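An overview of the molecular structure
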Amino acid sequence: MTHRLSDLVTREDIDRVTSPNGTLHRLPGVAFRSEEFLALEFRRWLSRTWLFVGRGADIPNPGDGTTVPGLPVFLVRGRDGKIRAFLNACRHRGHRILKEPCQAKRLFVCPYHSWSYDLEGRLVRTPHMAGADRHELEGLDKTDYGLKPVRCEQWHDWIFINLSGEAEPLKDFVAPIAERLSFVDFGRLKHFLTMSRRPIEANWKVCVENTMEPYHLPFVHAKTAAGQPLDQHYSISEDPIFGSGIEVPGSVYTNEHGAGGLDNLDMSAHYLLRAPNFFLTSYAPDVIVDTMYVPDQRDPRKCWLEQAWYTTSGREVTAAEIAEWESLEEAVMIEDVTVMAEVQAGAETAVVDDGGVLSPVWETCIHGFYRHLIERLDD
Ligand code: FES
């Protein structure tokens, strides 16, 4: 059965978010645990817009490829240097083509019956299809059976897909975040670290909430964000940009930074989401981090996380500094992953059937994000 938003939540639930009467609420608990709600999100929103799914630095050479976690899609860099996306299924009987990242492939060979595709997705071999040692089947035009392409474009290093093919041009989609970060010189991005993907035992929106709001910092990141006092933070809700910022006077982190000083997030920062899933965090003076949460299309209680680091000044980063970032962010992420899973556990109870209450100071970003979501899902 195909569900509408009003089949899954009451009008009162919707109005509580969109027309707050003095108190801000988030979405009702069903939005975090229902397969039908997830299917509706994909049908009405996530398939129709751009999803952030990878970065060029991780597949730098022709023939390098990677799966998109949570979605039946893989990415590959072609001989022409262009990155393409394909549905991850063979045109014979649908076996998955790519299971894990790969390097320098010349062909993608289906593990089941060895149908083979080139880097541009063309079907080039159908072994024994017409009988033993008879590889060409009369009437089977290979040009009709290439891999199914998915619309895919890049903005700087970041790779986006649009499953429906009907989204606005990518440059228009990213324009609001480019403008919000107009002080960043994106032309000088230099990738220096990708932290490997991991599954998160929580709905993707639980993770988005946590990454946007600063309210939890003194409690969850008491040490790792000790240099970011809560009273210096502010919430940002500028549809379609949501998040928070902080100005830290006298930050110790500078682009002369060496080893030994980066033990907490003691720096001015902007944590910005371009809805639905493109997070950029800019750390003064010259580091930017992307955070990718990809919803798992088959499981509302799960999503996938990857993060990558860049300098925006074009400078090289020392091995010691990379190690410090990796260690600090691993600690921060473990703290975050723990609370995300616990929030998901709470979403299984009736306690959050009314969504829960949001701070009008620190969590307006969450509230704005849910208004944005409802506008896209509502009938
Ligand atoms: Fe791929 Fe048969 S399913 S070759």
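The paragraphs below set out a description of the structure included in this document. Since we're looking at a predicted model, the values are computed, not measured. Within each chain, residue numbers correspond to sequence positions counted from 1 in written order. This being a predicted model, a pLDDT of at least 70 is required before a residue's local features are given, and a value of 80 or more before pairs of side-chain atoms are given or counted; all residues contribute to the totals for chains, interfaces and linings. Side-chain measures here rest on the full set of heavy atoms in the structure, leaving out hydrogens and waters.

Moving on: the overall build of the protein chain. Labels follow the DSSP assignment, with helices taken as runs of H or I lasting at least four residues and strands as runs of E lasting at least two, numbered in each case from the N terminus. Within the protein chain, the secondary structure is distributed over eight helices and 18 strands. For the protein chain, the C-alpha atoms occupy an extent of roughly 75 × 55 × 35 Å along the three principal directions. Residue burial is assigned from relative accessible area. The probe radius is 1.4 Å, only protein chains are included, and a residue is buried under 20% of its type maximum, exposed over 50%, and partly exposed in between. The buried share of the protein chain, taken over its 379 residues, is 54%. Residue contacts are defined here by distance: any two heavy atoms, one from each residue, within 4.5 Å place the two residues in contact. The long-range fraction of contacts in the protein chain, counting pairs at least 24 apart against all pairs at least 6 apart in sequence, stands at 67%. A total accessible area of about 16500 Å² is found for the protein chain, and carbon and sulfur atoms account for 50% of it. Computed over 40 positive and 56 negative side-chain charges, the separation of the two mean positions in the protein chain equals 9 Å. Throughout, the Shrake-Rupley method with a 1.4 Å probe supplies accessible areas, and for residues the shown protein chains are the sole cover considered. Neither His nor the chain ends is counted toward charge; the positive residues are Lys and Arg and the negative residues Asp and Glu. For this purpose, a charge sits on NZ of Lys, CZ of Arg, CG of Asp or CD of Glu.

Here we take up the sheet that holds strand β5 (residues 83-87). Judged by pairing direction, the sheet is antiparallel, and its six strands sit side by side in the order β2-β10-β9-β5-β4-β3 without closing on themselves. Each of the sheet's edge strands pairs with one partner strand only, and the pair in question is β2 (51-55) and β3 (65-67). Each adjacent strand pair in this sheet contributes to an overall mean axis angle of 30°, direction not counted. Sitting on the sheet, helix α4 (residues 170-180) touches β9 (149-155) and β10 (158-162), and the angle it makes with β9 is about 35°. Only when DSSP finds a minimum of two bridges between them are two strands counted as paired. Fitted lines through C-alpha atoms serve as axes, helices being fitted only where they are in contact, and the angles separating the N-to-C directions of these axes extend from 0 to 180 degrees.

Here we take up the sheet that holds strand β6 (residues 108-109). Taken in spatial order, the three strands line up as β6-β7-β8 in an open sheet, and their pairing is antiparallel. Strand pairing shows two members of the sheet lacking a second neighbour, β6 and β8 (123-125), which therefore form its edges. Inspection of the sheet shows β6 paired to strand β7 (residues 116-117) by two bridges, in the antiparallel sense. Across the sheet, residue Val109 finds its bridge partner in β7, namely Ser116.

What follows covers the nonpolar core. We define the nonpolar core as a collection of buried residues of types Ala, Val, Leu, Ile, Met, Phe, Trp, Tyr and Cys that are connected through side-chain atoms lying within 4.5 Å of one another. Core analysis: the largest hydrophobic core is formed by 78 residues, its most contacted members being Leu75, Trp155, Trp158, Phe160, Ile161 and Phe369. At seven residues, helix α8 (residues 364-377) tops the list of elements feeding residues into this core. Judged by nonpolar contacts, the second largest core, of 18 residues, contains Ala269, Tyr271, Val287 and Val332.

Next up on the list: the pairing of strand β4 (residues 73-77). For β4, a buried count of five out of five residues is recorded, marking the element as mostly surrounded by other parts of the structure. Burial along β4 is two-sided: the residues Val73, Leu75 and Arg77 and Phe74 and Val76 are all buried. Turn length for the β3-β4 hairpin, with the two strands adjacent in sequence and antiparallel, is five residues, and the turn residue Gly70 shows positive phi of about 85°. A loop of five residues connects β4 with β5, the two strands running antiparallel in sequence, and Gly81 in this loop sits at a positive phi of about 85°.

The topology assignment puts His135 in the loop between β8 and β9. The sequence separation of His135 and Arg125 amounts to ten residues, and the corresponding C-alpha distance is 7.6 Å. With residues up to four places along the chain from it excluded, the contact list for His135 reads Thr126, Pro127, His128 and Met129. Under the rule applied, a polar contact is a pair of N or O atoms within 3.5 Å (in protein, one hydrogen donor and one hydrogen acceptor; residues adjacent in sequence only if both atoms are side-chain atoms). For His135, the side chain forms a polar contact with the main-chain nitrogen of His128, separated by 2.9 Å.

Okay, the state of the cysteines next. A pair of sulfur atoms, both from cysteines and within 2.5 Å, is called a disulfide here. A complete count under the given rule lists zero disulfides for this structure. Lacking any disulfide linkage, Cys207 is separated from the closest cysteine sulfur, that of Cys303, by 3.4 Å.

Let us now look at the packing of aromatic side chains. Centre-to-centre distance and the angle between the planes together describe a pair of aromatic rings. Side-chain rings of Phe, Tyr and Trp, where Trp is taken by its six-membered ring, are said to pair if the distance between their centres is within 6.5 Å; with planes under 30 degrees apart they count as stacked, over 60 as edge-to-face, and otherwise as tilted. In total, this model carries 23 aromatic pairs according to the counting rule given. Between Trp158 and Tyr310, the ring centres sit 5.4 Å apart and the planes meet at 70°, which makes this aromatic pair edge-to-face. A residue pair is termed long-range when its members are at least 10 positions apart, and Trp158 in strand β10 and Tyr310 in strand β17 (residues 303-311) qualify at 152 residues. For the pair formed by Trp158 and Tyr310, the shared burial category is buried.

Attention now moves to the pairing of β17. Strand residues, when the strand is regular, have side chains that alternate between the two faces of the sheet. Of all nine residues in β17, nine are buried; the element is thus mostly enclosed. In the sheet, strand β11 (residues 190-200) pairs with β17 via eight bridges, with the strands oriented antiparallel. Bridge pairing links Thr194 to Ala308 in β17. Note that strand β16 (residues 287-295) and β17 share nine bridges and pair antiparallel. Within the sheet, the bridge partner assigned to Tyr293 lies in β17 and is Leu305.

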